[in-house]
Amino acid sequence: MPKLNENYQNLKESYLFAEIAHRVADYTEKNPDKKVIRLGIGDVTLPVGSLAIQGLHEGVDAMASSETFMGYGPEQGYAFLREAISGYYAKNGVDVSAADIFISDGAKCDTGNIAELFSADNVILIPDPVYPVYVDSNIMSGKKVTYIDANADNNFLPLPDPSVHADIIYICSPNNPTGAAYNREQLKIWVDYALANEAVILYDAAYECFISDPEIPHSIYAIEGAKKCAIEFCSLSKTAGFTGTRCAYTIVPRDLVFTASNGEEMSLHAMWNRRQSTKFNGTSYIVQKGAAAVFTEEGMRQCHENISYYKENARIIAETLTRKNIRFFGGVNSPYIWLECPNGMESWAFFDYLLNEIQVVGTPGAGFGENGRNFFRLTSFGNRENTIEAMERFEKLI
């Protein structure tokens, strides 16, 4: 019989969002007359912008003619998209070479797959609470995870302890699930710590498009020295509504070079390129054409129209919580609102309470880690009508 990867036995029995879906499906089957409003999973609801749709159509049309047909593309992504992304960074005052950018079908995939580049004996530092993929992908590969506390006392923005060594550090800013975002000074502390420990920061910037505070960097590469210690992941899922279209990118600077046990130098850029070339056939040309349109001036304007809509939803949620004197984090530079469950209630109990009493679905904080046990995540990605109705129900209940 085969020897299985028994690390899977160390995972929680069910993925967080699968459990949420199961409970909601069970409720709706028993209560078909009840309108359930979903403010849990962070899926967008507004359509993709017209310019990106035009780009997708151009990609489709190219497939209809032998003169323009595109087959296998470069595993790293087409130059036209990589250069467009590089230009987007430049507009934010950050220098990122197109040669360091790898196009993929999702930041979730990349943040999970990147663990393959690192051996099992690294010290891996992950905040608690955290997006489950960071933890689960490391457990699957037999790596040990060390947690750093993110909590209300540090505004869910933990900083490193200089006396503790780490090799791999996961940072998500603006954060999923807490909505908290590191400012420039705080990120500089993390970069300096990584450089001092010869560590690598895995920086998830999937929600950078929601940042409005000029003190909060859109990229870790806005911090001096970050190219020598950080890999950045970003996605068009929330920026451009590509949750169903699938396009993301990962930046692996060529400065990320470390010494192997045999004394030879190894480049993380070269390793990731080798990994992608071996296991990935590239993102669809059609999708990349749509993505390139996103990074034009008009394409980005259309994206920000949608983002403004979601930010107004976040304001509505935050205003309701403020009136009810419920402590919360996020909701300003982030689409997520991280609220403290009333009356000391634990998050799964609060989930069931909201579902059964007012038919509103959120995400239990316990699914993101021990420090989320008494917190709850709401998203601003619903439509306006449902967001308002959910908050009206919430205000009457709590």
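These figures come from a predicted structure and were not determined experimentally.

The next thing to look at is helix α7 (residues 268-279). If you check α7, its first and last C-alpha atoms are 16 Å apart, about what twelve residues at 1.5 Å a residue would give, namely 16 Å. Residues of α7 that are buried: L268, H269, W272, R275 and Q276. Seen along its axis, α7 keeps its buried residues to an arc of 130°; they face one direction. Facing away from the buried side of α7 by over 90 degrees, the exposed positions are R274 and T278. The N-cap residue of α7 is S267: its side-chain oxygen and the backbone nitrogen of H269 are 3.2 Å apart.

Over its 15 residues, helix α1 (residues 16-30) extends 22 Å from the first C-alpha to the last, a length consistent with the 21 Å expected when each residue adds 1.5 Å. Tucked inside the fold, the buried residues of α1 contact β1 (37-38), α5 (132-140), α10 (347-358), β13 (360-361), β14 (363-364) and β15 (375-379).

Our focus in this paragraph is the sheet that holds strand β2 (residues 101-104). Taken in spatial order, the seven strands line up as β2-β8-β7-β6-β5-β3-β4 in an open sheet, and their pairing is mixed. A single partner strand is all that each edge strand has here, and the edge strands are β2 and β4 (145-149). Pairwise comparison of adjacent strand axes, ignoring direction, gives a mean angle of 25° for this sheet. Bridge analysis of strand β7 (residues 230-235) against strand β8 (residues 248-251) gives four bridges, and the strand direction is antiparallel. Among the inter-strand pairings, C234 is bridged to a residue of β8, identified as Y249.

Here the focus is the state of the cysteines. Summed over all chains, the structure comprises zero disulfides. Cysteine C229 is unpaired, with the sulfur of C172 as its nearest cysteine sulfur at 17 Å. We note that C247 lacks a disulfide partner, and the nearest cysteine sulfur, in C234, lies 11 Å from it. A relative accessible area of 3% places C247 in the buried class.

So, about the environment of I337. Among the secondary structure elements, I337 is positioned in strand β12 (residues 336-340). Classification of I337 as buried rests on a relative accessible area of 0%. Through-space distance from the C-alpha of I337 to that of T379 is 6.2 Å; in sequence the pair is 42 residues apart. Ignoring any residue separated from it by four or fewer positions in sequence, one finds I337 in contact with A314, I317, L321, F328, F329, G331, F376, R377 and L378.

Parameters at a glance
All residue numbers here refer to positions counted from 1 along the written sequence of the relevant chain. Residues qualify for local features only when their pLDDT is at least 70, as the model is predicted, and side-chain atom pairs are given and counted only at 80 or more; totals for whole chains, interfaces and linings, by contrast, use all residues. Derived side-chain values reflect all non-hydrogen atoms in the structure, with water molecules and hydrogen atoms excluded from consideration. Think of it this way: any DSSP run of H or I at least four residues long counts as a helix, any run of E at least two long counts as a strand, and we number them from the N terminus. Each residue after the first adds 1.5 Å to the expected span of a helix. For every residue, the accessible area (1.4 Å probe, protein chains only) is compared with the maximum for its type, and the residue is labelled buried under 20%, exposed over 50%, or partly exposed between those bounds. Summarising the geometry, the arc corresponds to the directions from the helix axis toward the C-beta atoms. N or O atoms within 3.5 Å of each other form a polar contact, as long as, within protein, one can give a hydrogen and the other can take it, and as long as residues adjacent in sequence are counted only when both atoms are side-chain atoms. What makes two residues a contact is simply this: any of their non-hydrogen atoms within 4.5 Å. Here, strands pair whenever DSSP counts at least two bridges between them. Fitted lines through C-alpha atoms serve as axes, helices being fitted only where they are in contact, and the angles separating the N-to-C directions of these axes extend from 0 to 180 degrees. Criterion for a disulfide: a pair of cysteine sulfur atoms at a distance within 2.5 Å.

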